[in-house]
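Chain by chain, the residues:
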Amino acid sequence: MADKDKGLLLDIRNLRMEATAYPPDGPPHDIVIVDDVSLTLKRGKVLGLIGESGAGKSTIGLSSMGYGRGGVRITGGEVILNGRDILKGGSRQLRKLRGKEVCYVAQSAAAAFNPAHRLMDQVIEAALVHGVASREEARKRAVVLFEKLGLPDPGGIGERYPHQVSGGQLQRAMTAMALCPEPDLIVFDEPTTALDVTTQIDVLAAIKEAIRETGVAALYITHDLAVVAQVSDDIMVLRNGQTVEVGETAQIIHEPREDYTRALVSVRSIEHKEKKPAPKPLLSVDGVTAAYGGRGGVAVLKNVSLQLSPGQTLAVVGESGSGKSTLARVITGLLPPYEGEVHFAGRQLAPALAQRSRDDLRELQMIYQMADVAMNPRQTVRNIIGRPLEFYFGMRGAEKERRLAELLDEIEMGEGFADRYPAELSGGQKQRVCIARALAAKPQLIICDEVTSALDPLVADGILKLLLNLQKIENVAYLFITHDLATVRAIADSIAVMYQGEVVRYGTKSEVLSPPFDDYTDLLLSSVPEMEIGWLEKAIASRRMESAGN
Amino acid sequence: MKAILKLVAQRIALGLLLLLAVSVVIFAGTQILPGDVAQSILGQSATPQALENLRRELGLNDPAYIRYFRWLAGIVQGDLGTALSNGQDIATQLGKRLGNTLFLAGVAAIVSVPLAILLGLLAVRYRNRWPDKLISAVTLASISLPEFFIGYLLIYFVAVQLGWFTSVSTVYEGMTIGQRLNAVALPAATLTLVVLAHMMRMTRAAILNVMQSAYIETAELKGISAFDIIRKHAFPNAIAPIVNVVMLNLAYLVVGVVVVEVVFVYPGMGQYLVDHVAKRDVPVVQACGLIFAAVYISLNIIADVVAIISNPRLRHPK
Amino acid sequence: MNLSRIPISAWIGIILTSAFAFVAVFAQVIAPYGEGQIVGGLWEPMSAKYWLGTDNLGRDLLSRMIFGAQTTLFIAAAATALSFCTGSVLGFTAAVIGGWIDQALSRFVDLLMSIPTLIFALVILAVLPANTLTLILVMGLLDSTRVYRLSRAVAVDINVMDFVEAAKLRGEGHRWVIFREILPNALSPLVAELGLRFIFMVLFLSALSFLGLGVQPPEADWGGIVKENKEGIVFGIPAALIPAGTIAALAISVNLVADWILNRTTDLKGGRGG
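Read on for an overview of the structure. (Residues numbered from 1 in each chain as written. Chains lettered and ligands numbered in written order. Predicted model: local features only at pLDDT ≥ 70, side-chain atom pairs only at ≥ 80, totals over all residues.)

All names here are of chain A. Most of strand S18 (residues 477–482) sits out of view: six of its six residues are buried. Burial along S18 is two-sided: Ala 477, Leu 479 and Ile 481 facing one way and Tyr 478, Phe 480 and Thr 482 facing the other are all buried. Pairing of strand S13 (residues 313–317) with S18 involves five bridges; the strand directions are parallel. Bridging across to S18, Thr 313 finds its partner in Tyr 478. Bridge count for strand S17 (residues 445–449) against S18 is five bridges, and the pairing is parallel. (Buried ≥ 20, exposed ≤ 12 C-beta atoms within 10 Å, placed from the backbone. Helix = DSSP H or I, 4+ residues; strand = E, 2+ residues; numbered from the N terminus. Pairing = 2+ DSSP bridges.)

Now for the sheet that holds strand S15 (residues 347–348) of chain A. Residues and elements named next belong to chain A. Here four strands make up an open sheet; going across it, the order is S12-S11-S14-S15 and the pairing antiparallel. The open sheet has two edge strands with one neighbour each: strand S12 (299–308) and S15. Strand direction decides the pairing type here: strand S14 (residues 339–344) and S15, joined by two bridges, are antiparallel. Directly across from His 343, in S15, lies its bridge partner Gln 348. Here helix H11 (residues 324–332) sits on the sheet and contacts strand S11 (283–291), S12 and S14; the angle it forms with S12, its principal contact strand, is near 70°. (Contact = placed C-beta atoms within 7 Å. Axes fitted to C-alpha atoms, helices over the stretch in contact; angles between N-to-C directions.)

Residue and element names in this part refer to chain A. Between helix H14 (residues 381–393) and helix H16 (residues 427–440), the least distance of the axes is 7 Å, while the angle of their chain directions is 20°. Judged by the angle between their axes, H14 and H16 are roughly parallel. Considering only the axes of H14 and H16, their crossing is right-handed. Residues Val 381, Ile 384, Ile 385, Pro 388 and Leu 389 of H14 pack against Val 433, Ala 436, Arg 437 and Ala 440 of H16. Residues belonging to the contact of H14 with H16 are distributed by class as follows: eight nonpolar, no polar and one charged. (Parallel < 35°, antiparallel > 145°, perpendicular 65-115°, else oblique. Left-handed = near helix turned anticlockwise from the far one by under 90°. Nonpolar A, V, L, I, M, F, W, Y, C, P; charged D, E, K, R; others polar.)

Looking now at the nonpolar core. In this structure, Tyr152(B), Leu122(C) and Val202(C) are the most contacted members of the largest nonpolar core, which totals 141 residues. Sorting elements by how many residues they give to this core places helix H10 (residues 226–263) of chain B first, with 17 residues. When residues no more than four places from it in sequence are discounted, the contact partners of Leu122(C) are Leu273(B), Val277(B), Val285(B) and Leu213(C). Of all hydrophobic cores here, the second largest spans 97 residues; its members include Tyr368(A), Val373(A), Cys448(A) and Leu479(A). (Core = buried A, V, L, I, M, F, W, Y, C linked by C-beta atoms within 7 Å.)

In this section: the environment of Val476(A). Residues and elements named next belong to chain A. Residue placement: Val 476 occurs in the loop between helix H17 (457–474) and S18. Take Val 476: there are 23 C-beta atoms within 10 Å of it, and that puts it in the buried class. In sequence terms Val 476 and Glu 363 are 113 residues apart; their C-alpha atoms lie 9.7 Å from each other. Look past the residues within four positions of Val 476 in its chain and what remains in contact with it is Gly 311, Pro 443, Gln 444, Leu 445, Ile 446, Leu 470 and Gln 471.

The terminal C-alpha atoms of helix H6 (residues 132–159) of chain C lie 38 Å apart, and with 28 residues this matches the ideal 40 Å at 1.5 Å per residue to within 8%. Taking the largest bend as the criterion, H6(C) deviates by roughly 30°, centred on Ser144(C). (Expected span 1.5 Å × (residues − 1). Bend = angle between axes of the 7 residues up to and from the residue.)

Coordinates in, geometry out; function isn't part of it.
Written out as structure tokens, the structure reads:
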């Protein structure tokens, strides 16, 4: 394969894709998903498609297989693969090409594998259906691929069922499934997005290595510019179904031409000067141990101690299952700990919510990850923000309206939004309203639980800037729970790294982020992709060195 | 494999336990009112002495729980008691009728289940096109139709106007299987119509649910033919939900039988139960209620067991 | 709400349902003859005098149908109301309070639902006196198990949502949480279910009356009218088909309305429906 000529493999010309929208009240109408997009891909090359959700990147990727997901239709343009327009061939021709010339790797391998069949049967299925290899050959090929992709027990893992292997392993198996029929092109659709960051790096390295060795061409779709910079030769930036900019990876990262690309590249460059800890902390968590299902349950927090100074930000970082969200539940009183205490503004907080005074509740507010379920869909923005004003301060009438206008102004939204329902707001606007609801209580501390993870990078950036700004004005402290180290770098004054229910590292931002590191923090920090070509190789190499040294 | 056997055994044990609890509820349901069986037999004008004698004879002076256990012990040994209205042994009377009812329900099931699954598949195949819309409109109408309406419509048009079948479904000893089938044609058709639309709609939903899974898309993107996708990728995952749908509707069919038997004057258990409710013949009502509930519960157990067996996560634990 | 956005099918449902309700309420005024009044011969055909003909005893069928509408709709409505009040109050309570109350109620409901409703009703009716109150109680209470399951499930789903947690963290009491946060979001599915339960009640009552165990003659209800006239069918007299068809028509109309309400229910996750 590797010695195939480096000619043109895929040539998409003026692609237009549409879908029909069925609004609940109104006639159905067509909406344009992809508008006049053209791209070319040479054999053995990797093109990264990058953009926010709704940019049309997955849709374009699937068009190379002549496939439209969920009623999306190709309504214009040409998709020329290996010299012929695949849109002219009809469904029989398309079927011959799918799984033979082009293969697909989905975001969630856990859902993309059929739970009823063994991995091996699914991995070799396409090769058998298209007659690319005999069963014996295909099985041999699959075992080789399993080994190449770093799966444990390459000879035996194929006999397992999808639910018997981990998410990272499934993603590798899915890559093996795509490689098995030796296609000319693979479409990778956010293959590492659903994985924890420490798993992502290994899978990413495995995919890159497999692409290099087999010489297959690829469309690599992701929303993470730092990830795509590691694997692709060229990058295409998309927005709202249109092309923003195309160029070599180095050019896009170092000299972006368009404003939008520049914004994407600079997303993680918020400047925030770290503040020194105050002598008296606002929040102090002392030796907290907690478990779901009471004392007999499995402890999700083990002897956790932390402090947060007034008007500062403490970032709690960890992967899924680290106990960081449970910590928030303990502080808010939703989950009383069975050991340890929580002190707030010099007084001890009652362990359970029901025993806390109204002032305790007021001074400690919370903002959630999913803004759209954090607001009652049957209440207007006025009622959502107005309720804490009534509840805590007894505000009514003109006084309440005045304060409401002030709050809307603080979150950079006009008074015109007051009568809207949550469903009529965009994702970013929803999160802003949640921030205003928290601010309405005039709190000293706001717990932010992954507040930017569900948002597109540019919107998330806006929310972070708003939070920092509000901190300056209102002198409010944040306990910021996140899995994203870039966010932590951007806003934290101090950091706690959590792993399996324990705080493994805690201190000011500069302390935590400078060596010497403990093993886990090192692994975590070195796993976060950086916007730098060749970062992946460096990271993997240094990891190999370390494990060799041990 | 052991884990699965254990789960299946657990499910069946749970079903038996449930049946035991149901027997308590049914027995208790007939004890709500102070009046008793002796009063029902002898009527309002009976002398206190006659009542007292009969009560002693029937053991009605014992506390309720003792009578319950006596009743339960009888059932376990196959003794369903004696009918008050005619003094005959209930088990003997029921035997033939239960057979008739199961025959009728069986014929209806054999026709309706494959038909419903086929039409459900058709609705999925032509989703949002006219066959699908027609099916969903018919479903809406048919869940609104009382069983006796369908039954009398059939009698009026097919039996009376066209004269194809008799309007009364008599069955007797020594009928050939063909005669029997001819006799139950109309009631079976009624039952089929009653459950068909519902079963079709639920089958459609179950298959659609599977067809919208990401692994079906994966199969499509491997270039596998539509038929093979359904056979190899959708079917193994759709078995459990479809069996569930079928069992749910068969359970519904068992209840629908009661009304349909009365419409067609068919000598089955439903007719028998209704007659004896009107006569306030409590022992018969208890026995019939328990048998209906047992059939209903068994169908649910079968659905659950199939779901357990067809679940790969349970068949191949980590 | 914009009236022109209501689909035709829903309009048909609304108009027919209202018409039935109107007839039921004003039966005494509308009916040309009395409920039990014998006016002519047996099973006279439809005529200008007797629009729907006469029944098995020579009573005016139209008048029987009109009075039957009153009885049928009243009993079904009362049973639905009983079923809803009992079921939703218990369901919401179980969901919000949880713990052993939830466990006990839910297991008991599981047990009741493992007996087919019609069969259980027959068992109980075998010992209870045959009157309207008994019917309403038996039908309403047996059916409340379904309402319980639905309202509990809906409330449990809403109860774990972040906006309810936010209200609890604010310090709001049980009353605010149930009535201001959960109830407004549970209303649409419950209202649609109300329609379906009502249909079920009409069918249930009709089945019982048809079997001779529901409303007792000479009082008229639709299922009972079917029973009275069923012998005529074999002689080619369609009198029994009229009440049977009317039951179907009412059920379909209510279904059309319920279907529309269910469809326009905007789900909790929103979506940008302006």
